[in-house]
Structures are given as structure tokens and as C-alpha cells.
Amino acid sequence: MAKLLGFFLLFTSFLSSCVTTRFNFSAPASEKNFSDLEALQLEILDLRFEKNPRSISEKRKQISQKISQLKNQDVVSTNYFALLYGLEGEVAQIIGDKVGIRNAVDAIEKSGGSTEYLVILKSYLEKSTVKRIEILETSTPTPLVRLHLAQARFDAGKYAAAVSDFDHALIALPDIYSEYYGETRQLAFHLMENSNADKEVSGMKRLNYKQIVSALISETRIFQELWGMEKISHDRVVRELNKMKIFEKNINLQEECSRSRLAVLLMRLFATENEKNSFIRRCENYKTRNRSPIGDVNFDHPNFVPIIFAVERNFIQLRDGENFFPDEAIGGFEFNDTLKRLGNVKITPELIQSVKK
């Protein structure tokens, strides 16, 4: 009976030792353990924004020593060690050490603990910014996750979404985060206000290929993901599109882009192989029934399938609800609507592989 009572007292003492912090720990660790991790997190934040190479080296060395010391603490909390490994992985991410990030991810998973750093570090293992965003979007949107999502969206040129995520994250994090990330947030807002392709093309009644290509470069990631480059010139895009032989003749940047030719371009760039085959089969049914759902585009039109794709995906709307006006140049306001919908298209490996065929 005495042993049972002793066990009960030990167990209740174990439970009472758990404290609640912003890290949401639930395992037995002292308040000082939590404070040490918070302090380390802020030191790593300072390391992330350090510009002096010598200072970076010294700060990294000091942080590594502290991580080693904290690993030797007499703590049995799985969440404590999961977070500690997560902070170690963040240091690796800052210095561009992919192996270090991968090791940290493995250590977190083996620890059995829970930390938001697991999904954050996994996102940094991806080369594609789009993939980083997809991974972070699937996670619980904690302030720290949203902060890294904001940075990823900023890197992808999604400035409005980046501003929104920065604002949600920074209001919930300690003020020191606003001091470090405030400049990036302000830059995102500036670019959102001044670099939006909507303002460049919205007033134009008839757009040429240069304006179309410029807007696609600015407002989507398709060309960057295709060729693994952040900066893509108009000439490079046109050369590659001409190599793909999308149209019956090469693109001239100054030539007006008709609505039917834009439909061809959109299907070539934003439809996976499965989607293309699906629309081909659907259009065969229209041919079998000897009718077209669009008043001025018959089923024997050379661009019938891309036009059906563009209309049904709501990339290009029927101006009067019935007719497509395939030979007329695309206008600025309607192309802005196209860009907004293209912004929701996920640039997946399947899509990239389809475009490259």
C-alpha cells in the first residue's frame, strides 16, 4: 500500500510540474527549460538577419554550443527535444545546409514529439517555391508557419497574399519579429501596389503578345518553374514558345493576341496531360452530336478544344454569354480576370511535365 501511495504522489507531482507556454508544451519540463528555448529562438532570429559574415560565423558557433548544452538537459519531454531539433534545423536552413535540415527532420520524427518546425523544415527541403507554399498551406496555420508562408509567397511574387500572411503572423508573434520582418512586409506591400500587372494592362482594349507575356511572367510562376530561373526575359519566353510550335507561325511580340490564340496558349501552359485528354474526349462528343455549345465557334474550328477548355475553366468568358469572338484581340480588363484565375492554378510536377512534352 505504501508503494502504491508513493507512486500516486510521484505521478501527481509529475503532472503538476507541467507548465503552459507559447510553445504549448505538455511534458514535464521546468519554466527555465522553456525560457531557454525561447531565448535560443530569438538568437536564431537575429542570426537569420545578420549581414556580416564574421558575425554570422561567431553567432552560429555560439548557438551550436547552446544547442549541445540544451540537449544534455535532464528533461524527458518529447516535445522539448522536437522543438530543440527544429531550432537546430532552422540554423541549418539559414546557412543553406540541406543535409542539416534533413537530419533535423529525421530527429524530430524519431523523437516522437510535436512541433510546427517539422512542416516548416520539410518545406525548405523543396527546391520549388510553389511546393514550399503547398506544404505550408496544408499545415495548421500557427503564427510561425504563417510567417514562413508569407516569406515563401513573397519569394513567389504573390505580394498581396504575402502581406496578408505577414500581418496575421506578426500581430501574434513577439514585437521583435516585426522589427526584423517589417521591411520585407513593407516591400511586399509596395510591390503589391506598384508592380501589379493589372494596372499595366487594364486600360488597354487590345493586348499584344509582349503585354500578355509580361503579365504571365509577373503574375504566374509557370515560366520560372519550367526553366528553373527567377528572372525570365520576354525574348526567352517567346523563343521557347516558338520552339514548342504552339501556333502555326512564330510569335511576334508586337502582334495583337486574339482570344482564340490566347486559349491555345493557356491550354498548352496550364492543362495537364489528363486534362487535355479529357477535353479532347468531351469535344469529340460535341462533334458526334454535331453541335457546339458556343454560338460563333463551330466544332470544326481549328482551336475548338482550347476554346472549350478556356471557357469551361473560366479563364476566358463569353462576352455576351453566347459567343466567344475568337478572332478579336483580348482586352485588358478581361485578361485581368484571366490572370486572377490563373493565380489559383497549382504548378504541379505533373503540369510541368505535360508542358515540356
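Just above, that's the structure.
Below you will find a few notes about this structure. No experiment lies behind these values; they were computed from the predicted model shown.

## A short note on the overall build of the protein chain
Broken down by element type, the protein chain carries 19 helices and zero strands. In the protein chain, of all internal contacts separated by at least 6 residues, the share reaching a separation of at least 24 is 59%. Roughly 18,900 Å² of accessible area belongs to the protein chain as shown, and the carbon and sulfur atoms make up 50% of that amount.

## Focus on the side chain of Asn-208
Tracing the chain through its elements places Asn-208 in the loop between helix H11 (197-201) and helix H12 (209-219). Within polar-contact distance, the side chain of Asn-208 engages the backbone nitrogen of Lys-210 at 3.1 Å. In this structure Asn-208 touches Leu-253, Gln-254, Glu-255, Glu-256 and Cys-257, once residues within four positions along its chain are discounted.

## Observations regarding empty space enclosed by the protein
Applying the stated criterion across every chain, the model contains one cavity of 30 Å³ or more. Reported here for the largest cavity is a volume of approximately 40 Å³. Residue lining of the largest cavity: Gln-41, Leu-45, Arg-48, Glu-90, Tyr-117, Leu-144, Leu-147, His-148, Tyr-177 and Tyr-181, and that is the complete set. When contributions to the lining of the largest cavity are tallied by element, the ones reaching two or more residues are helix H2 (31-48), helix H8 (143-155) and helix H10 (175-194). Along the lines of polarity and charge, the residues of the lining of the largest cavity split into six nonpolar, two polar and two charged.

## Re a negative patch on the surface
A cluster of acidic residues, Asp-296, Asp-320, Glu-322 and Asp-327, forms a negative patch on the protein surface. Counting through the fold element by element, Asp-327 comes out in the loop between helix H17 (304-312) and helix H18 (332-342). Look at Asp-327 and you get exposed, because its relative accessible area is 68%.

## Points about the packing of aromatic side chains
Inspection of every chain in the model, using the stated rule, returns 10 aromatic pairs. Their ring planes at 85° and their centres at 6.1 Å tell us that Tyr-286 and Phe-304 sit as a pair that is edge-to-face. Remark: Phe-304 occurs in helix H17 and Tyr-286 occurs in helix H16 (residues 273-288); sequence separation between them is 18 residues. With a relative accessible area of 10%, Tyr-286 lands in the buried category.

## Examining the environment of His-148
Along the chain, His-148 falls in helix H8. Judged by its relative accessible area of 4%, His-148 is buried. Taking the C-alpha atoms as reference points, His-148 and Leu-121, 27 residues apart in sequence, are found 9.9 Å from one another. In contact with His-148, not counting residues within four places along its chain, are Arg-48, Glu-90, Ile-120, Tyr-124, Arg-132 and Leu-136.

## Some thoughts on helix H15 (residues 259-270)
The end-to-end C-alpha separation of H15 is 16 Å, in line with the 16 Å expected for 12 residues at 1.5 Å each. Most of H15 is tucked away, with 12 of its 12 residues classed as buried. Where H15 is concerned, the buried positions are Arg-259, Ser-260, Arg-261, Leu-262, Ala-263, Val-264, Leu-265, Leu-266, Met-267, Arg-268, Leu-269 and Phe-270.

## Quick word on the nonpolar core
Soluble globular proteins tend to pack their nonpolar side chains together in the buried interior. One finds Ile-212, Leu-216, Ile-222, Phe-223, Leu-269 and Phe-335 to be the most contacted residues of the largest nonpolar core, which totals 54 residues. Of all the elements in the fold, those that place two or more residues in this core are H12, helix H13 (222-227), helix H14 (234-243), H15, H16, H17, H18 and helix H19 (349-356). Not counting chain neighbours up to four residues away, the residues in contact with Phe-223 comprise Val-213, Leu-216, Ile-217, Ile-232, Val-237, Leu-241 and Leu-269.

## A closer look at the environment of Leu-262
Locating Leu-262 in the fold gives a position in helix H15. Judged by relative accessible area, Leu-262 falls into the buried class, the value being 0%. Taking the C-alpha atoms as reference points, Leu-262 and Phe-335, separated by 73 residues in sequence, lie 9.7 Å from one another. Not counting residues up to four positions away in its chain, the partners in contact with Leu-262 are Ile-212, Cys-257, Ile-316, Ile-330 and Phe-335.

## As for the packing of H15 against H17
The geometry of H15 relative to H17 is characterised by a closest axis approach of 8 Å and an angle of 75° between their N-to-C directions. Our classification of the angle between H15 and H17 gives roughly perpendicular. When H15 is examined against H17, the residues Ser-260, Ala-263, Val-264, Leu-266, Met-267 and Phe-270 are found in contact with a partner set consisting of Val-305, Pro-306, Ile-307, Phe-309 and Ala-310.

## Some words on unusual backbone geometry
Located in the positive-phi region is Asn-314, a residue other than glycine, with phi close to 65°. Relative to the assigned elements, Asn-314 resides in the loop between H17 and H18. In the Ramachandran plot, Phe-325 falls in the positive-phi region, its phi being about 55° despite a non-glycine side chain. You can see Phe-325 is positioned in the loop between H17 and H18. Using a relative accessible area of 27% as the deciding quantity, one classes Phe-325 as partly exposed.

## With respect to the pattern of salt bridges
Tallied over the entire structure, the rule returns 24 salt bridges. Of the charged contacts in the structure, one is a salt bridge between Arg-221 and Glu-225, with a shortest N-O distance of 3.5 Å. With its nearest N and O atoms 3.8 Å apart, the salt bridge here joins Lys-249 to Glu-255. In the salt-bridge network here, residues are joined through shared partners; they are Glu-137, Arg-146, Arg-153 and Asp-165.

What counts, and at which threshold
- Residues numbered from 1 in each chain as written.
- Predicted model: local features only at pLDDT ≥ 70, side-chain atom pairs only at ≥ 80, totals over all residues.
- Heavy atoms only, no water.
- Helix = DSSP H or I, 4+ residues; strand = E, 2+ residues; numbered from the N terminus.
- Contact = heavy atoms within 4.5 Å.
- Areas by Shrake-Rupley, 256 points an atom, 1.4 Å probe, with all protein chains shown as cover.
- Polar contact = N/O pair within 3.5 Å; in protein donor to acceptor, adjacent residues only side chain to side chain.
- 1 Å grid on protein atoms, 1.4 Å probe; cavity = no way out; pocket = protein on both sides within 12 Å on 5 of 7 lines; lining within 4 Å.
- Points joined across faces, edges and corners; volume = space filled by probe spheres on them.
- Nonpolar A, V, L, I, M, F, W, Y, C, P; charged D, E, K, R; others polar.
- Patch = residues over 30% accessible without salt bridge, like charges linked within 9 Å, V, L, I, M, F, W, Y side chains within 5 Å.
- Salt bridge = Lys/Arg side-chain N within 4 Å of Asp/Glu carboxyl O.
- Lys, Arg positive; Asp, Glu negative; His and termini not counted.
- Charge placed at Lys NZ, Arg CZ, Asp CG, Glu CD.
- Buried < 20%, exposed > 50% of the residue type's maximum accessible area, 1.4 Å probe, protein only.
- Phe/Tyr/Trp six-rings, centres within 6.5 Å; stacked < 30°, edge-to-face > 60°.
- Expected span 1.5 Å × (residues − 1).
- Core = buried A, V, L, I, M, F, W, Y, C linked by side-chain atoms within 4.5 Å.
- Axes fitted to C-alpha atoms, helices over the stretch in contact; angles between N-to-C directions.
- Parallel < 35°, antiparallel > 145°, perpendicular 65-115°, else oblique.

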